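Secondary and tertiary structure notes
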Amino acid sequence: MMFKQLLSLFPILLVLAILFLPLILVDIFIVYLAGGYYYRLIYLILFLLVFYLVDLGLNIVIDNLLKIVIFLKEGIYNLVLGIVDIFSSYVVINFLDFIFEKVNLSVEIKILIVFTHILLVFLINNYQTDKNDDRYDYNNIANQKLSPSIEYEISYLLQNEDVVNCIEQIKKKYPDIPKKEIIKTVRKINNENKKF
């Protein structure tokens, strides 16, 4: 029974190991270069995995508490969050170093691991924010009206062409305009022309 429970944890641990593999490799390299002590490599990997999981959980809780308690401008909020993240990560790594007897890390190694961890989290958050900003800008562009000259051109084309050919010709001439916006404008102008 217990063996089945342990076996059921294997896929979860495998996914976590794959997700944290780049961080683990960077931190093992830091510990190796700085001359940190660990009894076996597996103890160091286990130490780092527990550190990542506890730190991630603690950072999620702290982030949500700060959002509830503190109403600051975004720049100041990010600064406060960064300082609290660094402090909490350092506390977590010190606590784990105290618990794990097979791993002894110097203060310099702990600080390097914390700053590496915070830097990677910061870069990932900025990458995600940039992606969201790009998507937001695209949606704003898609919701804008076409220029009057393009609308006039569509109106002129509809006099001689059907709706489908008009859409295709406008899309070929203006490939940067989303097709959805072209379709919407062509239908609108076609309906207006039918009224007259």
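Below is a short write-up of the structure.

Cut-offs and rules
Residues numbered from 1 in each chain as written. Predicted model: local features only at pLDDT ≥ 70, side-chain atom pairs only at ≥ 80, totals over all residues. Heavy atoms only, no water. Helix = DSSP H or I, 4+ residues; strand = E, 2+ residues; numbered from the N terminus. Contact = heavy atoms within 4.5 Å. Salt bridge = Lys/Arg side-chain N within 4 Å of Asp/Glu carboxyl O. Core = buried A, V, L, I, M, F, W, Y, C linked by side-chain atoms within 4.5 Å. Buried < 20%, exposed > 50% of the residue type's maximum accessible area, 1.4 Å probe, protein only. Phe/Tyr/Trp six-rings, centres within 6.5 Å; stacked < 30°, edge-to-face > 60°.

What follows concerns the environment of Val-84. Within the element layout of this structure, Val-84 appears in helix α3 (residues 74–99). Setting aside its immediate chain neighbours within four residues, Val-84 contacts Ile-62 and Leu-66.

A word on the pattern of salt bridges. Under the definition given, this model contains four salt bridges. Across the salt bridge formed by Lys-188 and Glu-151, the nearest N and O atoms sit 3.8 Å from each other. Highlighted residues: Lys-188 in helix α7 (residues 179–195) and Glu-151 in helix α5 (residues 148–160), separated in sequence by 37 residues.

Moving on, we come to the nonpolar core. If you look at the biggest cluster of nonpolar residues, it comprises 22 residues, and the most contacted ones within it are Phe-47, Leu-48 and Ile-113. Once residues within four sequence positions are removed from consideration, Phe-47 is found in contact with Ile-93, Leu-96, Asp-97, Phe-100, Val-103 and Leu-105. Within the second largest apolar cluster, 12 residues are counted, among which are Ile-150, Ile-154, Ile-177 and Ile-182.

Under the criterion given, the structure shown has three aromatic pairs. Where Phe-51 meets Tyr-52, the ring centres are 5.6 Å apart and the plane angle is 50°; that geometry is what we call tilted. The pair formed by Phe-51 and Tyr-52 is uniform in burial state, with each residue classed as buried.

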